Every structure is written in C-alpha cells, then in structure tokens.
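The primary structure of each chain is shown beneath.
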Amino acid sequence: MEAVFAITLGVLAASGVYLLLRARIFPVVMGLTLISYAVNLFIFAMGRLGTGVPAVIGKSAEYGDPLPQALVLTAIVIGFAMTAFVVVLALRGMGELKTDHVDGEEPRA
Amino acid sequence: MSHAIILPILLPMFFGALLLVGHGWSREVKRGVSLIGCLALLPVCLYLVLLAGAGQLQVYALGNWVAPFGIMLLLDRFNAALLLLTSLLACFALIYACRGDDERGPNFHALFQFQLLGINGAFLTADLFNLFVFFEILLISSYALLLHGNRANQVKAGVHYVVLNLLGSSFFLIGVSLLYGLTGTLNMPDLAARVASADVADAPLIKAAAYLLLIVFGLKAAVLPLCFWLPRAYAAAPASVAALFAIMTKVGFYAIVRVFTLVFGEEAGPLANLGHELLWWMALPTIAFGVIGALGARQLQALLAYLVVVSVGTLMAGFAMGNVAALSAALYYMVHSTLISAALFLLAGLVVAQRDSAGGDLQQERVLRQPLVLGCMFFFASISVAGLPPFSGFLGKMLLLRAAEPGWQAWSLWPVILIGGLLTLVALSRAGTSLFWLGHGADASPSKAEPADRISLLAALGLLLASPLLLIAAAPIMAYLEAAAAQLLDLQPYLSIIAGGAA
C-alpha cells in the first residue's frame, strides 16, 4: 500500500508542478489544486497508513491517530477558500488586463 | 494564567466581526469602531510588555487543556515587544487610512482588523499548526487589502503574491506534517525536547522538514532567493496598507527566530543551530540585492519596497550571528526599520497625491504643493533609514557591527552594511532631488493639488518621530531587548514548560 500511495503522491505533485510552471492562470489554478491534494494526502499519511484501526481508544488493540485527520480537514477548508480567491482574482485579471498570463502581460516572443 | 494574553487575538476578532455585521453603517461609524479597536490594543499590549518584562514565561492554555495536548499561547519578552510594535504601527496606519484610503473599496476596516488578528495570533501561538492557521488568516486579509481599490497594477502584482504564498502554504503543511509524523507533537517546546532526543536515523528527515519551514518563513520574510514578489506587491498597495505590511516581513523573521532558536537551537543535539550558517549566507546577498534594487528603482514606492528587503537582510544577519549582542541589536533594528519604513510609505502616499501625472515615477515634474514640509520629512526619514547619525538607524547598525566577531564574520558583514548604507543614501538622495528640486526648464508654478491633509501628515510625522524617540529612550529599550535576546537563547525555561515548570 505504501508504494502505491507514494507513487500517487509523486504523480500528483509532479503534475501540479508542471501545470504551475505553464504560467497561464487556468493551468496554475489546476496545478495548485493538484499540489494541495498531494499535500492533504501526505498529511493524512503522516498518521501512519493502516486498515481496521478505528480512531477510538479501546475499540480494538490498535487505534488510529485522529490528529492528522483533524489537520487535514483544516487544511482542506483553508485550501478551498484560497483556491476560490485565486479563481476570483484570475477572473478579475482577465477582465482588467486582457491576458491570462500570470505576469499580467504577454511574454515577449 | 493571565487572560490578558489572549486579548490581542480576541479584540481584533471581535471588532472585525462587528464591522462585518455592520457593513451598512455610515463611514464615520465604521472608522470610529475600527479606531477604537486599534486603540484598545495599545494598553493591552503595553500591559503584556510589562508582564513579560518580569522575566517569567507566560503560558496560556486554551480551554485549559494541559500543555502538549491542547494548543497554548506563549508570551515572552520578544513577542510582547512585537505585539506592542504592531499595535503602534496599526494605529498610525489606520489613522492615515481613515483620511481616504478606506473609501477605495468596501470592508476595508474589517479586513484591517482581521489582518491584525492574524499577525497577533502568529506572534503568540506556540503550536506549529496553529501558526499555519494564523498565517493563512493574515495572508487572506493581506490579499484583499493589497487588492483594495482594484486597480490594474494591483491585480497584476496580486497574482504573483497570492500564487507564491499558496505554494508556500503547501510547503508549510508538508514540513509541519513531516515533523508531526516523526515526533508526534506540534507544540513547539515539546517539539524541541523530542527533536533533541530524536533517533539518529530520523535526523535527515527532521532536517528536511526544518529546511522546508525555513523556505516558508524565508518567503514571508523575503530573504534573497524568495524575495522577488515583494517590491511589486508593496509598490502597488495603497499607502496605509503598505505601511501595515512593514510588519509582515517581520512575522516571517519572528517565525524563523522562534523555530530556529527553540526547536532547532542550541539544545537540538545533532541538529543544533541548523539554519544559522545558511541564513548568514542568504542575509548578506539579500542586503546587496535590496540596495541594487533601490538604486535601479524608477518609482518611489518600489524604492521603499527594496529598502524593506535591505532591512530584512540586516535582521537575518543579526540573527544568524547567534549571540545575545547581535540578536538584541537585530531586535532594535527591527523596531526602528518597521516604524521608519512605514513612515516612508505614508510619506510616499502624501507626495504622490501632490504630483500631477507622474505619480510615483522618479522624474522631474512641477513643484509639489508643499515642497518644504514633505521635503524635510523625506530628508529626515532618509537619513534615519540609511543609518546616519543622529537617528535610530545609526545606533541599530552600529550595535550590529559591534556585535560581529572579529575575523571572517566582521570582514564579510562590515563592508556589506557600510557600503549598502552609502548606496542607500545615494538612491534616496537621487529620488529626493527628482521629487523635490526643480530641474532645468521645469515648470516653476506649484502643483494645483490639494494641500496634504493635516491628520495624514500628523500620522506620518508621528511614525517619523519614533526615530529620535528610539534614540533618546535607547537605554531602557536596549535593556529590555537584550533581556529578550538572552531569554530567547536560554532554552531551559521553555523546555520545562512541558514538564509543568511555568504557568
């Protein structure tokens, strides 16, 4: 399971970085979203991966760590708000600057 | 456990929420409520400075949960001083904003209060994840404040700022969760103890997490390879917002000092003083970069933004030297540079308002409406920021230079700071000549702009007066800051919090 998990995270993060470097606002937003998915999964994994371990003490011999789940929830909420802000800002930029390049102007050829 | 410790977080939160509820109130009422909120912070922060001045660490356990399990707030001399500095700066910036900047868009005052909430929270918390949350609060309000007014150049600068900081937040989360996965705690004093006794096999991973945190805090503080966002963003912000942003780079500096003295400081075993040498070699080029940028700047606000970068480099150099004398000198310089760069941003706002078409561009134009008043203020602020006597910048730089150990440290620091100061002076005097002096063939009739608003002028002057006051009161202030630096570097009291020592 660890290998699959690690490869998934790697692919997500790599695609995110690639899209981020495209320097057009839509791919950049997509890239940021993919990176934040990877980060959220990473936080989750830091509570150790395992199946059949409830996050309640006393229900079974082993118990899962509930804290990373709380952290990941906070991170998701904040990441969602921030992404929404970038989208609004991007729309504003399109209207104001007439370009979707992150520098606010077309690069010189 | 004094409940006053949480007030710097609760007060702006309350007033910010109140202002959101009352977004339909008239302009005057909103200004009044916001000003009351800011002024109420001053006595609270003053009390906290006195409380921390007694020397004992103050711990506030939220919800009365015992230290490593609940989130706690930690107050020592260092962050008490920063809180007071923030509330002072906020009062002046808000007074200035109330004379017009707040009319450029809705909800300025609520955003201002939430910005203060984020800054104060970041200073007070002793929990890494909580620090992340407060960083996000201060960032999202800073995005909105930066874009306040919605001009094209603000949107342009805003995209870089927002995207970079979002990426920074991802790094922050990776670093924090890595530390949690390895040590099982996020409480800073607890983390310090666990890092010190960590397994040798885990050391490389902990080191990676530490460097990730360093990247994030370096991005906030604007250290060299991570500072290219700053000049554009600060130059585009409205004057009062740029003045408040003068404290934002210091939040990054604070986080670096807190984490890299407490968690990765003297006691961290094989990871002791992890970031110091790297920071030293980042700090000196940062100063050089800032100075070169200031020399090349074609716009007044951009020039001032580069001076913020110079001050960040100077602070980092003071921290990286790692002894009490250098750290206390850096703290003194931090107080000075925050207040003076804020004063310069306010002043730039006043100057630009009196130029017809050139705005902040550094080129000849008609004479300002009030060249004498603004020119004199600019002159004194420039002297102070460049570090010439008889102002506080001189004292701060001198203390820092004296704290450098003879040998390679002094050999690398002295030329950078001294030549940097000289070139800063060149850049500022060049800007001053084109702003205030009349060139050949220029139109000698003064600009028809309105004379500067008296209250805005007083706000800028008040911040400017901080410089001579800092010099006059240098003895008690330095005594306090030296004690603060000594407290930061003496880790035993922090480590004993978890064992039940303080509070």
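Provided above is the structure to which this section pertains.
Everything in this summary refers to the structure shown in the same document. (Residues numbered from 1 in each chain as written. Chains lettered and ligands numbered in written order. Predicted model: local features only at pLDDT ≥ 70, side-chain atom pairs only at ≥ 80, totals over all residues. Heavy atoms only, no water.)

**A look at the side chain of A:Asn40**
Residue and element names in this part refer to chain A.
So, step 1. On the secondary structure map, Asn40 appears in helix α2 (residues 25-45).
So, step 2. Overall, Asn40 belongs to the buried group, its relative accessible area being 13%.
So, step 3. Beyond its immediate chain neighbours, meaning those up to four positions away, Asn40 contacts Val72, Ala75 and Ile76. (Helix = DSSP H or I, 4+ residues; strand = E, 2+ residues; numbered from the N terminus. Buried < 20%, exposed > 50% of the residue type's maximum accessible area, 1.4 Å probe, protein only. Contact = heavy atoms within 4.5 Å.)

**As for the environment of B:Ala97**
Residues and elements named next belong to chain B.
So, step 1. Relative to the helices and strands, Ala97 resides in helix α3 (residues 77-97).
So, step 2. Ala97 sits in the buried class, given a relative accessible area of 0%.
So, step 3. When the C-alpha positions of Ala97 and Ala329 are compared, they lie 32 Å apart, and in sequence the two are 232 residues distant.
So, step 4. Residue contacts for Ala97: discarding those within four places in its chain leaves Asp102, Phe108 and Ser240.

**What about the nonpolar core?**
For soluble globular proteins, nonpolar side chains are generally found buried alongside one another.
Residues and elements named next belong to chain B.
So, step 1. Counting 234 residues, the largest nonpolar core has Leu128, Phe217, Tyr234 and Phe264 as the members making the most contacts within it.
So, step 2. If you tally residues by element for this core, the top one is helix α14 (residues 324-353), at 20 residues.
So, step 3. When near neighbours in sequence (up to four residues on either side) are disregarded, Tyr234 contacts Trp229, Ala242, Phe245, Met248, Thr249, Ala305, Val308 and Phe345. (Core = buried A, V, L, I, M, F, W, Y, C linked by side-chain atoms within 4.5 Å.)

**Some points on unusual backbone geometry**
So, step 1. The residue after B:Pro389, namely B:Pro390, is reached through a cis peptide bond having omega 5 degrees.
So, step 2. As for its placement among the helices and strands, B:Pro390 is situated in the loop between α15 (371-386) and α16 (392-403).
So, step 3. Positive phi, close to 65 degrees, is recorded for A:Ala23, a residue that is not glycine.
So, step 4. Along the chain, A:Ala23 turns up in the loop between α1 (2-20) and α2.
So, step 5. Judged by relative accessible area, which is 18%, A:Ala23 ranks as buried.

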